[in-house]
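Observations on the model geometry
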Number of protein chains: 2
Amino acid sequence: MENEKEKVTTPEMPDIDVLFELADLFKVFGDSTRLRIMYTISENEMSVLNIAEVLNMEQSTISHQLRVLRQNKLVRVRREGKQIYYSLDDDHVKRIIEMGLDHVLE
Amino acid sequence: MENEKEKVTTPEMPDIDVLFELADLFKVFGDSTRLRIMYTISENEMSVLNIAEVLNMEQSTISHQLRVLRQNKLVRVRREGKQIYYSLDDDHVKRIIEMGLDHVLE
DNA sequence: TGAACATATGAAGATATGTTCATATGTTAA
DNA sequence: TTAACATATGAACATATCTTCATATGTTCA
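What you see is a predicted model; the values in this text were computed from it and never measured.

Comments concerning the overall build of chain A
Along chain A, the regular secondary structure elements total five helices and three strands. For a compact globule of 106 residues, the expected C-alpha radius of gyration is about 13 Å, and chain A comes in at 18 Å, more than 25% above that figure. Its C-alpha atoms give chain A principal-axis dimensions of roughly 65 × 30 × 20 Å. Within chain A, buried positions represent 43% of all 106 residues. Considering only contacts within chain A whose residues lie at least 6 apart along the sequence, 49% involve residues at least 24 apart. Accessible surface for chain A amounts to roughly 6,500 Å². Of this, 45% is attributable to carbon and sulfur atoms. Averaging the coordinates of the 14 positive side-chain charges in chain A and doing the same for the 20 negative ones gives two points 9 Å apart.

Okay, here's the thing in C-alpha cells:
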C-alpha cells in the first residue's frame, strides 16, 4: 500500500471512563428480556403490567428491567393515574438494535 | 409519501432465538476490555502480544477475549509465522460502536 | 530434533447479573 | 381514612462472566 501516512477514519480511543459507560450501555442491550421489552414498547407506550402480560413474565422482573432501561435513559416514563407508561426514548435506540440485527441476520 | 395502511416503522419482534443471538452480540460489546481491543485493531491489524502490550494487560486475557470476538465473527484473523494478527471484521462493527458512543456522549 | 517464542485453553476464584419472593411505596376512589 | 390496585425494591439464590495461573499447542530456526 502506498500512502501510508494518510489516516482514513482513525477513531481515537475514548477515555477509559467513556469506554466503561459505553460498555454499560451495550450491556443493557445484551439481555433478551430487555430487548423484548424494548420491542414491545417501541411503537406504543405501555404500562408495566401490560408489558408483563404481553411477555408473560412476572411484574417484578419487568419492573427491575425497566429500571435498568430508565437508568440508561433508554425509555420515557409517563404516569397516568395508577399506571406508569413506558415507551422507547428515541429512534436512536431502535437504530442500535437494527444495526445489531443486521449483523446477526447477515 | 402517501398513505396506504402503511405503518411507519413498525419493527416486528424477531423470533426468540434471534433475540437471544442479538443479546449475545450486544453482550460482546458490553465489556470495556473487548471495546478497547476493538478500538486497538480498528485501523491496523495487530498481533496478540502487541495488543496486550498496548493495553497493558495479560496475554491470556487478550487471547480469551479475542476468542469471544472470533466466535461472534467480529474480527479477522491472519497468521504470519509465529504471530497471529487480528483486525476488525468490517465497518459494521465500528458503526455499532459509534452509534453507542453517540448515545453515551449526547 | 530441541530451544525459544507466540498463542490458546482449562480450571479456579471473585464479581456481576437476572429472576423470584415478599413487601414497601404510591395512587385512586369510596 | 381504608381498600384495592399498580409499580418499585431489597434480599436471596442460581448462573454467567472476567481475570489469572499454569500449561498445552503451534511455529520457526539453529
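A look at the protein's contact with DNA strand D
Residues in close proximity to DNA strand D total 25 residues, the closest being Tyr-86 of chain A together with Thr-33, Arg-34, Ser-60 and Gln-65 of chain B. Taking all atoms of DNA strand D within 4 Å of the protein, the share assigned to sugar and phosphate is 66%. One of the side-chain nitrogen or oxygen atoms of Thr-33 of chain B is found 2.7 Å away from a phosphate oxygen of DNA strand D. A distance of 2.6 Å separates a base nitrogen of DNA strand D from a polar side-chain atom of Ser-60 of chain B. Counting only elements with at least two residues in the surface near DNA strand D, the list comes to α3 (48-55), α4 (59-71) and β3 (83-88) of chain A together with α2 (32-40) and α4 (59-71) of chain B.

Digging into the protein's contact with DNA strand C
Residues in contact with DNA strand C amount to 26 residues; listed here are only the nearest, Thr-33, Arg-34 and Ser-60 of chain A together with Ser-60 and Tyr-86 of chain B. Of all atoms in DNA strand C that approach within 4 Å of the protein, 64% are sugar or phosphate atoms. At 2.6 Å from a base nitrogen of DNA strand C is found a side-chain nitrogen or oxygen belonging to Ser-60 of chain A. Separating a phosphate oxygen of DNA strand C from a side-chain N or O atom of Thr-61 of chain A is a distance of 2.8 Å.

Topic: the sheet that holds β3 of chain A
Residues and elements named next belong to chain A. Across the sheet, three strands lie side by side as β1-β3-β2; this open sheet has antiparallel pairing. Taken across any chain shown, the strands that pair with only one partner, and hence form the sheet edges, are β1 (46-47) and β2 (75-80). Bridge count for β2 against β3 is six bridges, and the pairing is antiparallel. Bridge pairing links Glu-80 to Gln-83 in β3.

Describing the environment of Ile-37 of chain A
All names here are of chain A. Among the structural elements, Ile-37 can be located in helix α2 (residues 32-40). Along the backbone, Ile-37 and Asp-15 are 22 residues apart, and their C-alpha atoms lie at a distance of 31 Å. Non-local contacts of Ile-37, meaning those with residues more than four positions away in its chain, are made with Ile-51, Leu-55, Ile-62, Gln-65, Leu-66 and Leu-69.

A look at the interface of chain A and chain B
By a widely used convention, the size of an interface equals the accessible area lost when the partners come together. Residue-level contacts link 43 residues of chain A with 42 residues of chain B. With both chains or domains summed, chain A and chain B bury close to 3,700 Å², and 77% of this area falls on carbon and sulfur atoms. Of all residues in chain A, Phe-26, Met-99 and His-103 of chain A bury the most surface against chain B, accounting for 18% of the area lost on that side. The interface formed by chain A and chain B contains zero salt bridges. Elements that contribute at least two residues to the side of chain A that touches chain B include exactly α1 (16-29), α2 and α5 (91-105) of chain A. The leading source of residues in the side of chain A that touches chain B is α5 of chain A, at twelve residues. Along the lines of polarity and charge, the residues of the side of chain A that touches chain B split into 22 nonpolar, ten polar and eleven charged.

Some thoughts on the relation of the copies chain A and chain B
If you rotate chain A by 180° and push it 0.0 Å along the axis, it lands on chain B with an RMSD of 0.1 Å. Taken together, the rotation and translation relating the two chain copies correspond to the operation of a two-fold axis. A high fraction, 98%, of the interface residues of chain A reappear at the interface in chain B, so the copies pair face to face through one surface.

Quick notes on the nonpolar core
One recurring pattern in soluble globular proteins is that nonpolar side chains are buried together. In this structure, Phe-29 of chain A together with Phe-29 and Leu-35 of chain B are the most contacted members of the largest nonpolar core, which totals 62 residues. Aside from chain neighbours lying at most four places away, what touches Phe-29 of chain A is Leu-35, Met-38, Leu-74, Val-93, Ile-96 and Ile-97 of chain A together with Ala-23 and Phe-26 of chain B.

Quick word on the packing of α1 of chain A against helix α5 (residues 91-105) of chain B
The interhelical angle for the contact between α1 of chain A and α5 of chain B, taken along N-to-C directions, is 105°, at an axis separation of 9 Å. In terms of axis orientation, α1 of chain A runs roughly perpendicular to α5 of chain B. Of the residues in α5 of chain B, those touching α1 of chain A at Val-18, Glu-21, Leu-22, Leu-25 and Phe-26 of chain A are Ile-96, Ile-97, Gly-100, Leu-101, His-103, Val-104 and Leu-105 of chain B. Considering only residue class, the contact of α1 of chain A with α5 of chain B consists of nine nonpolar, two polar and one charged.

Rules and cut-offs
Throughout this document, residue positions are counted from 1 along each chain, in the order its sequence is written. Each chain takes a letter, starting from A, and each ligand takes a number, starting from 1, following the order in which they are written. The model is predicted, so local features are restricted to residues of pLDDT at least 70 and side-chain atom pairs to those at 80 or more, both for listing and for counting; the totals for chains, interfaces and linings are taken over all residues. For side-chain calculations, the full set of non-hydrogen atoms in the structure is used, while hydrogens and water are omitted. Secondary structure elements are defined from DSSP: runs of H or I of at least 4 residues count as helices, runs of E of at least 2 residues count as strands, and each element is numbered from the N terminus. We compute the radius of gyration over the C-alpha atoms and compare it with the globule rule, which gives 2.2 Å times the number of residues raised to the power 0.38. Any residue under 20% of the maximum accessible area for its type is buried, any over 50% is exposed, and the rest in between are partly exposed; the area is computed with a 1.4 Å probe on protein chains only. Residue contacts follow a heavy-atom distance rule, with two residues in contact if any of their heavy atoms lie within 4.5 Å. Areas reported here follow the Shrake-Rupley algorithm with a probe of radius 1.4 Å; residue values treat only the protein chains shown as occluding. As used throughout, the charge tally considers Lys and Arg to be positive and Asp and Glu to be negative, leaving His and the chain termini uncounted. Every charge is mapped onto a representative atom, which is NZ of Lys, CZ of Arg, CG of Asp or CD of Glu. Each residue is tested against the molecule or strand, and it is near if at least one of its non-hydrogen atoms lies within 4 Å. We define a polar contact as two N or O atoms separated by no more than 3.5 Å, with the added condition that, inside protein, one atom must be a possible hydrogen donor and the other a possible acceptor, whereas residues neighbouring each other in sequence contribute only through side-chain atom pairs. Any two strands with at least two DSSP bridges between them are considered paired. When two parts are brought into contact, each loses some accessible area as probed by a 1.4 Å sphere; the total of that loss over both is the buried area. By definition, a salt bridge exists where a carboxyl oxygen of Asp or Glu is found within 4 Å of a side-chain nitrogen of Lys or Arg. Each residue gets one of three labels, nonpolar for Ala, Val, Leu, Ile, Met, Phe, Trp, Tyr, Cys and Pro, charged for Asp, Glu, Lys and Arg, and polar for the others, Gly among them. Copy-to-copy superposition: least squares on the C-alpha atoms, limited to residues that have pLDDT of at least 70 in both copies. By nonpolar core we mean a set of buried residues, namely Ala, Val, Leu, Ile, Met, Phe, Trp, Tyr and Cys, connected to one another through side-chain atoms within 4.5 Å. Only the stretch in contact is used when a helix axis is fitted, and all axes are lines through C-alpha atoms; the angle between N-to-C directions ranges over 0 to 180 degrees. To sort the angles, those under 35 degrees are grouped as roughly parallel, those over 145 as roughly antiparallel, those from 65 to 115 as roughly perpendicular, and the leftovers as oblique.

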